[in-house]
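# Structural overview for review
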Amino acid sequence: MTGAASDSPDWIDLQAVLGEELACIHGSEISPAMQAASAADSAERSKTGTVPDHAFYRSLFKAKLWGLCLSGGGIRSATFALGFIQGMAKAGLLTRFHYISTVSGGGYIGSWLSSWATRHPHGIEGVVRELNAPPMGKRIEANPLWYLRSYASYLNPRLGALSADTWALIATYLRNLVLNWLVLVPLFWALALTPKIGLALVRLLPGEFATDFIAQHRFGASLIALAVGCLGLVVGMTYIFAALVEKLSGTELQPDKKRVKAQTDFLRWGLLPIVVAGLSLPLAWAWFPYGPIPLWQIVGAGVGVRLIASLLSFGISWLRGHLEPRRWLDTLWIALVSLMTGALGGLLVWTLATMLFGDIARDVNQSVDKMQPAMSFAILKFVCFAPPLLLLAMLTTEAIFVGLISRQTDDEDREWFSRAGGWLFIAGLFWMALRILTLFGPLLIHWLEAQAPVFISAAGGISGIATAALGYGAGSPAAPGRHAPKTLGSILRNSILTISAAIFICVFYSVLSLAGDWLLHLIAGHGTAYNLDCTDTDWGLWVSYCGGQAAALAQSVGLLSVFLAIVALLIFAVVMQIFVSVNRFSLHALYRARLIRAYLGA
């Protein structure tokens, strides 16, 4: 605010803004004196509380101001708005507009009109004269309009194999793709390698200090993993059970003065400790050196975890003064059901573990030359499915717990447990999907490699069936306004993008994991390549020979190598992110640059 009085504020209100805007519309300039007056008037209205000034706003309606609004819709709306602008100019109405409001595609043509009027020495009047000027020889329209029509295909104005625009677009796309990959692919690769940490911890490959130390002290390591897992369950269940015993907890204050638990707090204190338990407890089972852990110990651990979590939730709520009053019989029943479901959870976990992974402790710390294909597959299955099955067992017991105490709870309690179960379900599914893609995806690639002749010969028949299905019922309805009936072809066409995306993700992570196996083995093996000769097309023969070799390849690298590889990938991604701004090399940036060239360049 140049020239404003020293006692004037450094802001003006909306009424002052509109007043200065109206003065500009009528041809006046905003002088320092006017700025000072606007600031002083704004301060006075703020002190006296005379905002809004209804008389002033009524005077705006009497000023007979016109506004041009151009809606959105991409290039189509911009093209339509161009014709409308030409019509307004031909009718002599375009100069009467004082405001222009645009969105999306309307903004394209609105910026074109505003920039042309700003650059033209006679402003909008000169623009109107050029729009209405008759053709003169080869010049049939104004230069900005001709330029805009020339760049109607804004991404690639001049098509053709020898066009510089075509190859510039290809080069730009490839450059942006490579630069984005240099930032994103290391992150995805590091994520694809994270399940191999769990694989290395279960495998305990001899020859590394960390795994050898754990292998030499397996009983103590098993107890530590069990203690960490139980602690995680206690923390997570204590937070989840708090919804039962206190309705006025958390950090977000609601309008009715009640405090509710925030989602971020649940993720930190509820989900994260349980996920840590899902990592630790399977390790305790795999590391236990004396065979499967006895049933009574797991059932006792389940009862103890539920008992401690219940006592902590009640005790913390009582100390904070947030304990919800209940009848003592209801409290006793909730505590009894909690202990029963704890015992049931322990029984369910022990049953699943002994039936599916009873011999896993035998396969731990075996040398590479002693590993049988069945052992390699058993370890892969354990790493993939043991943690999700643990969460599934927990969800099952929680469902029974909520059902048995349904007469002592209300809809708010059941909604809380449903959301908690939903997050646990999401964590389990993501966990299992990532590990399946990372650990079994490379095996599938090796199997497809062995099946290549059969697979390729079957591809023709599959593609023919897909083509027939996609081509069936491709015609549109004769009657206007009716939707085409759903057919197999239309359903496949509508679903192909989703299916293609899912296939791409699966192949992408499987290839990254396979590349990680080969690269890590090459580095850890001091340049020794791991050769696979997969030629058996029979599934049983392939599993007994090639599959075992492929599974052994995934387990041939120790914990330290995997950890260092993940750290190196993360450091590389961070360094590239520091020096490469991916926002400037995105498809959105490409579109924006081409649109600016087409519309503002005119």
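Here's a quick rundown of the structure. (Residues numbered from 1 in each chain as written. Predicted model: local features only at pLDDT ≥ 70, side-chain atom pairs only at ≥ 80, totals over all residues. Heavy atoms only, no water.)

## Some words on the pattern of salt bridges
Convention followed: Criterion for a salt bridge: a side-chain nitrogen of Lys or Arg within 4 Å of a carboxyl oxygen of Asp or Glu. Each helix is a run of DSSP H or I of at least 4 residues and each strand a run of E of at least 2, with the numbering of both proceeding from the N terminus. We call a residue buried when its accessible area falls under 20% of the maximum for its residue type, exposed when it is over 50%, and partly exposed in between, using a 1.4 Å probe and counting protein chains only.
Summed over all chains, the structure comprises 7 salt bridges. Residues Asp517 and Lys196 are paired through a salt bridge, measuring 2.6 Å at the closest nitrogen-oxygen approach. Residue Asp517 is found in helix α18 (residues 488–524), and its partner Lys196 is found in helix α8 (residues 164–203); the two are separated by 321 residues along the sequence. The exposure class of Asp517 is buried, given its relative accessible area of 4%. We classify Lys196 as buried; its relative accessible area is 3%. Between Glu415 and Arg419 there is a salt bridge; the shortest N-O distance is 3.1 Å. Taken as a pair, Glu415 and Arg419 lie in helix α16 (residues 411–450) at a separation of 4 residues, close to a single helical turn.

## Observations regarding the environment of Leu391
Inclusion rule: It only takes one pair of heavy atoms within 4.5 Å for two residues to be counted as in contact.
Following the sequence through the fold, Leu391 ends up in helix α15 (residues 373–404). Leu391 sits in the buried class, given a relative accessible area of 3%. With 114 residues separating them along the chain, Leu391 and Ala277 place their C-alpha atoms 9.4 Å apart. Non-local contacts of Leu391, meaning those with residues more than four positions away in its chain, are made with Ile274, Leu424, Ala427, Gly428 and Trp431.

## Some remarks on the pairing of strand β2 (residues 99–102)
Here is the key point about a regular strand: its side chains alternate between the two faces of the sheet. What counts here: Only when DSSP finds a minimum of two bridges between them are two strands counted as paired. Orient the strands so they point away from the viewer, and a crossover whose first-strand-to-second-strand path over the helix runs clockwise is right-handed.
Alignment of strand β1 (residues 67–70) against β2, held across 4 bridges, turns out to be parallel. In the strand pairing of β2, Leu70 is matched with Thr102. Between β1 and its parallel partner β2, the chain crosses via helix α4 (residues 74–90), and the hand of that crossover is right-handed.

## Quick notes on the packing of α8 against helix α21 (residues 587–600)
Axis angle and axis distance: for two packed helices, these are the angle between their axes and the distance between the axes, and together they describe the pair. Basically, it comes down to this: Fitting a line to C-alpha atoms yields each axis, with helices limited to the stretch in contact; the angle taken between N-to-C directions then spans 0 to 180 degrees. For classification purposes, an angle smaller than 35 degrees is called roughly parallel, one larger than 145 roughly antiparallel, one from 65 to 115 roughly perpendicular, and anything else oblique. Should the near helix be turned counterclockwise from the far one by less than a right angle, the crossing is left-handed, whereas a clockwise turn marks it as right-handed.
It is the contact of α8 with α21, at a shortest axis distance of 10 Å, that shows an interaxial angle of 150 degrees. With respect to α21, the element α8 is oriented roughly antiparallel. Taken as a pair, α8 and α21 cross one another with a handedness that is right-handed. Residues Asp165, Ala168, Leu169, Thr172, Tyr173 and Asn176 of α8 pack against Leu587, Leu590, Arg594 and Arg597 of α21.

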